[in-house]
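# Structure assessment
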Amino acid sequence: MQKRVVFRNRWLPYLLVAPQIAVTLVFFIWPAYRALETSLFIEDAFGFSRQFVGLDNFAALWANPAYLASFGRTVMFGLSVTAISMGMALALAVAANRVIHTASTYRTLLIWPYAVAPAIAGVLWFFMMNPTVGIVAYWLEQWFGYDWNHYVNGNQALLMVIIAAAWKQVSYNFLFFLAGLQSIPKSLIEAAAIDRAGPVRRFWSIVFPLLAPTTFFLLVVNLVYAFFDTFAIIHATTNGGPADSTSILIYRVFSTGFLGQDYGSSAAQSVILMVLVVGMTIVQFRYIDRRVNY
Amino acid sequence: MVENRPVLSFLTHAVLIFGVAFLCFPVWMALVASTHEGSELTRAPLPVWFGDQGVVNYTRLIGEGIPAVGGVPLGRMLWNSFVMAIGISVGKIVISLMSAYAFVYFRFPGRMIFFWLIFITLMLPVEVRILPTYDVVARLGMLNSHSGLIVPLIASATATFLFRQFFLTIPDELVEAARIDRAGPIRFFWDILLPLSKTNIAALFIILFIYGWNQYLWPFLITTDTDLYTIVMGIQRMVNSESRPIWDAIMGTAILAMIPPVIVVLAMQRLFVKGLVESEK
């Protein structure tokens with residue numbers, strides 16, 4: 001964790017960590033503490049008075065069917081985004097790992113969406129699927145006679161934000177899968193080929209198990225992405241609607257606090273999400289520790 | 001490739017071409033839409049080839065903006081996004097370099113406490129502590145200012161860990177040599193450590209620039225002054241405006257908003273991949 005040889009200085013190290021610590025305390029630790037504290041109170045909308053209520057805010061959330069439904073939707077949303085983007089990325093990485101001459105061209109064409117902001121990704125798909133002008137909605141209508149209108153149909157709206165969120169994440173997963181595939185020794189694959197294992201057999205018996213660390217790492221990262229970073233996609237396009245059908249947990253924190261002005265409940269929701277992130281971060285670090293050891 | 005299988009090769013390219021098409025098609029549609037006149041974009045099917053209004057549309061967007069949504073020129077928004085992205089990435093790199101240096105090269109009371117304090121920030125994304133953070137910024141009088149856009153986002157556990165990890169791989173002999181030559185800690189930092197960290201700094205800069213450029217919720221909350229809108233967040237006002245969406249302008253804005261970060265990624269691909277893979281692990 002530290003050098004054998006160090007410098008000796010009484011005040012310099014404190015000066016060096018001071019800016020980082022100051023920003024952390026003022027903008028991270030203090031607000032997080034405030035969220036914890038506020039979650040235990042009920043405040044009137046004007047901030048004149050507040051009353052200690054213990055865990056009532058949490059109990060209210062537990063008893064609120066809309067919140068529970070939002071919880072279920074968030075899980076659905078997170079799993080769908082993760083499955084779609086990781087599945088596509090894995091297929092693309094396996095394919096890109098197989099071609100030789102055009103590999104770098106394909107890679108260039110596949111990685112740029114990483115740089116697109118989630119909000120912009122949302123707007124692009126919002127346009128493509130718009131019921132009056134969107135080309136995808138038009139194709140669905142022309143070829144399948146399917147009526148697409150995400151302004152009124154909640155499931156369609158949810159599907160739209162899932163696709164937009166997954167679209168943006170494919171390149172990230174692709175890069176990590178490709179790096180994972182390239183670190184698998186060629187000799188293993190060749191040995192299997194000599195034993196007359198076909199490409200499909202080789203993939204499932206050798207490549208896929210050896211990719212497990214990458215897959216697990218990406219699983220956690222993608223779930224965190226879907227739970228938190230997708231706020232912009234939803235806020236820029238559907239605003240949680242129609243009828244709450246796309247208001248995932250992170251959007252609810254915002255809408256309860258800023259639009260509904262119910263600070264206690266919003267803070268309680270923040271605390272629940274913080275616990276969720278802490279849990280996921282711990283899972284991720286435990287896994288990294290183990291991988292370092294083996 | 002272990003053996004030659006034509007069918008599999010065909011399938012491989014088919015998968016890749018489908019993937020490229022899926023990723024590029026939305027941007028193609030946006031590009032096309034942004035070169036047509038608004039009146040051509042009110043009814044399906046939309047044109048799939050460029051129109052002749054491209055120059056007119058983009059000049060108007062950058063210079064004047066759209067009156068229906070406040071008329072903020074996009075040139076202004078792009079500038080704000082640029083300032084914010086540069087401010088956040090430079091700020092994160094500077095304070096992370098400093099604290100990583102302190103953690104690795106000094107022994108001082110409270111070191112572990114500081115280390116854990118920074119570590120905790122990993123678990124507190126802006127989105128989960130929106131209200132109280134907003135409150136702090138409001139009390140400090142930093143609403144509607146560039147410093148309010150930048151400073152609250154510059155703490156970085158990831159960057160600190162990355163630099164710490166890198167410093168630990170630098171041989172101890174360098175410090176010893178520096179001390180024999182009577183170079184103090186600051187001299188050592190400037191003349192030896194910083195030049196050695198150049199590649200890492202560049203790689204991290206790309207990732208952080210994209211992170212800063214793509215910020216959405218934070219600028220949305222703390223800027224009500226239209227002169228401070230960033231482009232990624234400004235597009236939201238156009239999409240959710242009261243009137244009918246002006247698609248040519250919205251798509252033009254989307255294209256302008258993604259050009260700078262996409263160029264950074266494509267121009268510095270090798271560094272970008274290095275930065276991405278290393279900063280996440």
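This text goes with the structure placed above it.
The following paragraphs examine the structure supplied in this document. Please read these numbers as outputs of a predicted model, since none were measured by experiment. (Residues numbered from 1 in each chain as written. Chains lettered and ligands numbered in written order. Predicted model: local features only at pLDDT ≥ 70, side-chain atom pairs only at ≥ 80, totals over all residues. Heavy atoms only, no water.)

## Examining the side chain of Gln20 of chain A
- Note on placement: Gln20 of chain A falls in helix α1 (residues 12-38).
- At 2.5 Å, the side chain of Gln20 of chain A forms a polar contact with the side chain of Thr160 of chain B.
- Leaving out residues up to four positions away in the same chain, Gln20 of chain A has contacts with Ile95, Ser96, Ser99, Ile118, Ile154, Ala155, Ser156 and Thr160 of chain B. (Helix = DSSP H or I, 4+ residues; strand = E, 2+ residues; numbered from the N terminus. Polar contact = N/O pair within 3.5 Å; in protein donor to acceptor, adjacent residues only side chain to side chain. Contact = heavy atoms within 4.5 Å.)

## Details of unusual backbone geometry
- The backbone of Asp244 of chain A shows a phi angle near 65°, a positive value even though the residue is not glycine.
- Along the chain, Asp244 of chain A turns up in the loop between α11 (231-236) and α12 (249-259).
- Phi angles above zero are rare outside glycine, and Asn144 of chain B is one such case at about 55°.
- Note that Asn144 of chain B resides in the loop between α5 (130-139) and α6 (146-150).

## A word on the pattern of salt bridges
- Scanning all chains against the criterion turns up 4 salt bridges over all chains.
- Residue Glu37 of chain A pairs with Arg34 of chain A through a salt bridge whose shortest N-O separation is 3.9 Å. Of the two residues, Glu37 of chain A and Arg34 of chain A are both situated in helix α1; the distance of 3 residues between them amounts to about one turn of the helix.
- Since its relative accessible area comes to 22%, Arg34 of chain A is described here as partly exposed.
- Measuring nitrogen to oxygen at the nearest pair gives 3.3 Å for the salt bridge that ties Asp135 of chain B to Arg139 of chain B. Of this pair, Asp135 of chain B and Arg139 of chain B both sit in helix α5, separated by 4 residues, roughly a single helical turn.
- With a relative accessible area of 28%, Asp135 of chain B lands in the partly exposed category. (Salt bridge = Lys/Arg side-chain N within 4 Å of Asp/Glu carboxyl O. Buried < 20%, exposed > 50% of the residue type's maximum accessible area, 1.4 Å probe, protein only.)

## Let's talk about the layout of surface pockets
- Estimated volume of the second largest pocket: approximately 750 Å³.
- Taken together, 24 residues line the second largest pocket, and the ones lying closest to its centre are Val94, Arg98, Pro199 and Phe203 of chain A together with Leu8 of chain B.
- Of all elements in the fold, only α3 (65-98), α8 (186-194) and α9 (199-210) of chain A together with α1 (6-33) of chain B reach the threshold of two or more residues within the lining of the second largest pocket.
- Counted by class, the lining of the second largest pocket contains 17 nonpolar, 2 polar and 5 charged residues. (1 Å grid on protein atoms, 1.4 Å probe; cavity = no way out; pocket = protein on both sides within 12 Å on 5 of 7 lines; lining within 4 Å. Points joined across faces, edges and corners; volume = space filled by probe spheres on them. Nonpolar A, V, L, I, M, F, W, Y, C, P; charged D, E, K, R; others polar.)

## Digging into the packing of aromatic side chains
- Within the structure shown, the criterion is met by 46 aromatic pairs over all chains.
- A centroid spacing of 5.9 Å and a plane angle of 55° characterise the contact between Tyr251 of chain A and Phe254 of chain A, whose relative ring orientation is tilted. Taken together, the residues Tyr251 of chain A and Phe254 of chain A, both in helix α12 and 3 residues apart, mark about one turn of the helix.
- For the pair Phe103 of chain B and Phe115 of chain B, a centre-to-centre distance of 5.4 Å together with 90° between the ring planes defines the contact as edge-to-face. A residue pair is termed long-range when its members are at least 10 positions apart, and Phe103 of chain B in helix α3 (residues 74-105) and Phe115 of chain B in helix α4 (residues 111-120) qualify at 12 residues.
- A relative accessible area of 1% means that Phe103 of chain B is categorised as buried.
- These aromatic residues form a ring-pair network of at least three members: Phe7 of chain A together with Tyr101, Tyr105, Phe106, Phe163, Phe166, Phe167, Phe188, Phe189 and Trp190 of chain B.
- Over the aromatic face of Tyr114 of chain A sits the side chain of Lys168 of chain A, whose NZ or CZ is 5.2 Å from the ring centroid. (Phe/Tyr/Trp six-rings, centres within 6.5 Å; stacked < 30°, edge-to-face > 60°. Lys NZ or Arg CZ within 6 Å of the ring centre and 35° of its normal.)

## Topic: α9 of chain A
- Taking 1.5 Å as the rise per residue, α9 of chain A with 12 residues should run 16 Å; its terminal C-alpha atoms sit 15 Å apart, in good agreement.
- Tucked into the core, α9 of chain A has its buried residues touching α3, α7 (154-182) and α8 of chain A. (Expected span 1.5 Å × (residues − 1).)

## Re the nonpolar core
- By size, the foremost hydrophobic cluster in this structure holds 157 residues, and its most contacted members are Trp167 of chain A together with Phe272 of chain B.
- Sorting elements by how many residues they give to this core places α7 of chain A first, with 17 residues.
- Residues contacting Phe272 of chain B, with those up to four places away along its chain left out, are Ile111, Tyr114 and Leu175 of chain A together with Ile206, Ile207, Ile210 and Val265 of chain B.
- Among the nonpolar cores identified, the runner-up in size contains 40 residues, and Phe108, Ala157, Ile170 and Leu194 of chain B belong to it. (Core = buried A, V, L, I, M, F, W, Y, C linked by side-chain atoms within 4.5 Å.)

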